[in-house]
Amino acid sequence: MEGHLTNWSGNLTYGTSNILYPETVAAVQSIVQQSTRIKALGSKHSFNDIADSREKLISLERLNHIVSLDKTANTVTVEAGMRYGELAPYLHKNGYALHNLASLPHITIAGAIATATHGSGMMNGNLSTGVSAIEFVNASGDLITLSKNNNDEQFYGAVVALGAIGILTKITLDLLPAFDMQQLVYLNLPMKELGQNFNTIASAGYSVSLFTNWKNQLINEVWIKNIVTPAHASLPIPDLFGAVAATKNMHPLENESAENCTEQMGIRGPWFDRLPHFKMGFKPSAGEELQSEYFVDIAYAYDAIMAVEKLQEKISPHLFVSEIRTIAADQLWMSPCYNQTCVAIHTTWKREQETVMKLLPLMEAQLEPFKPTPHWGKLFTMPSHLIQSRYSQLPDFKELVDAYDPAGKFRNDYLTSHLYTS
């Protein structure tokens, strides 16, 4: 037992100080069997109460070991508390890579896949699409394994599960051969260029991020991450649809030091030290902040961006930066990218909770013609009926939840509000 924890940004205090730290899967099973209500904590990086409980929390931070590396199947199995930044150097040393990483390497794998967290890239699915098997403890305390090969339908519902079906204990990830990358940054891209050239710009690298503060109809920075082969490295072109190559390392916030950011200027480095924006071991992002993110079908990319731009006078004073990324379509039932390639508009806000919660409905209203869905782990105010209407597989997902948690042991206020309230 200990005092109440807060989440990563400090905007949420968890609803109980009853927090348990098991070190074995058997201990997780025992805890679940003895609980009436319980939720799992990862790296506490969610900005809302998706992982909160008023009764009992179970932290996975001590279940953070590599279980096995299968060089025949090209997979790695890890305990659910493992963080991407801890796993990646080990994989690279053994000649392997993951298909993508999020902006921050500090997050747990379990929390990331449960909420469909993502990196960027027109051909890259979210981090959950790299999963080939999961092991979890269901409400009865039984150990359940589902895999892509053996449990077709259930698997696609269980990966992005929002913590609703049980406590993840092990995750198996598909691997690629290790690769090197380089990162180039371009400054001051006119937003109007996205009208005819969005897909071209978003396809300019393996992973592409557009950063804007919504002022002057500019994309302030374009970060392009490319794979480098022994025979080929990209040189910065002098002009990217009006944007010019940066002459020094940049932070997404133009006036911040780039010391904490991964290396740029086309310098070659391992995939795990280029795909994230921030280095593992350094203070991530802006520190005290809030985050929101909305996904729309990529067909609406430019119109959605310009719809948000109309709010620039109201939102710009209260944000640090917005990041625009693309994510490939997938087959995961509760992923915002289910059957659609998406553009995601992510905003890092100043920690002005009351103001931000008043601005989010304005942004959601601007995006509503494009049928947005919010990131499960970030701030939003969209009504539950709209969110539910955007997930065609929701009835099947609820059946899956009922199969593994018939009494709602893993249900909390968040799940009740957003999935079970009309």
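Residues numbered from 1 in each chain as written. Predicted model: local features only at pLDDT ≥ 70, side-chain atom pairs only at ≥ 80, totals over all residues. Heavy atoms only, no water.

A. View of the overall build of the chain. Looking only at helices and strands, the chain features eleven helices and 20 strands. Relative to the 2.2 N^0.38 estimate, which gives 22 Å for 422 residues, the radius of gyration of the chain is 21 Å and therefore close to what a compact globule would have. Evaluated residue by residue, the chain yields a buried proportion of 58% over its 422 residues. Long-range contacts, defined here as pairs at least 24 residues apart, represent 71% of the contacts in the chain between residues at least 6 apart. Computing the positive centroid from 31 side-chain charges and the negative centroid from 41, the chain places the two 3 Å apart. (Helix = DSSP H or I, 4+ residues; strand = E, 2+ residues; numbered from the N terminus. Rg over C-alpha atoms; globule rule 2.2 N^0.38 Å. Buried < 20%, exposed > 50% of the residue type's maximum accessible area, 1.4 Å probe, protein only. Contact = heavy atoms within 4.5 Å. Lys, Arg positive; Asp, Glu negative; His and termini not counted. Charge placed at Lys NZ, Arg CZ, Asp CG, Glu CD.)

B. Just helix 1 (residues 25-33), in detail. For helix 1, every residue scored as buried is listed here: Val25, Val28, Ile31 and Val32. The buried residues of helix 1 occupy an angular sector of 120° when projected down its axis, which confines them to one face. (Arc of directions from axis to C-beta.)

C. Spatial organisation of a negative patch on the surface. A cluster of acidic residues, Asp152, Glu153, Asp396, Glu399 and Asp402, forms a negative patch at the surface. Elements represented by at least two residues in the negative patch include exactly helix 4 (152-158) and helix 10 (394-404). If you tally residues by element for the negative patch, the top one is helix 10, at three residues. With respect to the secondary-structure elements, Glu153 resides in helix 4. (Patch = residues over 30% accessible without salt bridge, like charges linked within 9 Å, V, L, I, M, F, W, Y side chains within 5 Å. Areas by Shrake-Rupley, 256 points an atom, 1.4 Å probe, with all protein chains shown as cover. Salt bridge = Lys/Arg side-chain N within 4 Å of Asp/Glu carboxyl O.)

D. Fine view of the nonpolar core. Formed by 120 residues in total, the largest nonpolar core has its most connected members in Ile171, Phe198, Trp271, Met334 and Trp376. Excluding anything up to four places from it in sequence, Ile171 contacts Val76, Thr77, Val78, Ala80, Ile109, Ala110, Ile113, Val131 and Ala133. Core analysis: the second largest hydrophobic core is formed by eleven residues, Leu104, Val185, Phe211 and Leu253 among them. (Core = buried A, V, L, I, M, F, W, Y, C linked by side-chain atoms within 4.5 Å.)

E. Spatial organisation of the pattern of salt bridges. Under the definition given, this model contains ten salt bridges. For the salt bridge of Lys148 with Asp174, the shortest nitrogen-to-oxygen distance reads 3.3 Å. One end of the pair, Lys148, is in the loop between strand 8 (143-147) and helix 4; the other, Asp174, is in strand 9 (residues 167-174), with 26 residues separating them in the sequence. Using a relative accessible area of 24% as the deciding quantity, one classes Lys148 as partly exposed. Using a relative accessible area of 31% as the deciding quantity, one classes Asp174 as partly exposed. With a closest N to O distance of 3.4 Å, Arg274 and Asp273 form a salt bridge. In this structure Asp273 comes out as partly exposed when scored by relative accessible area, which is 28%. Salt bridges sharing common partners tie together Glu293, Glu323 and Arg325.

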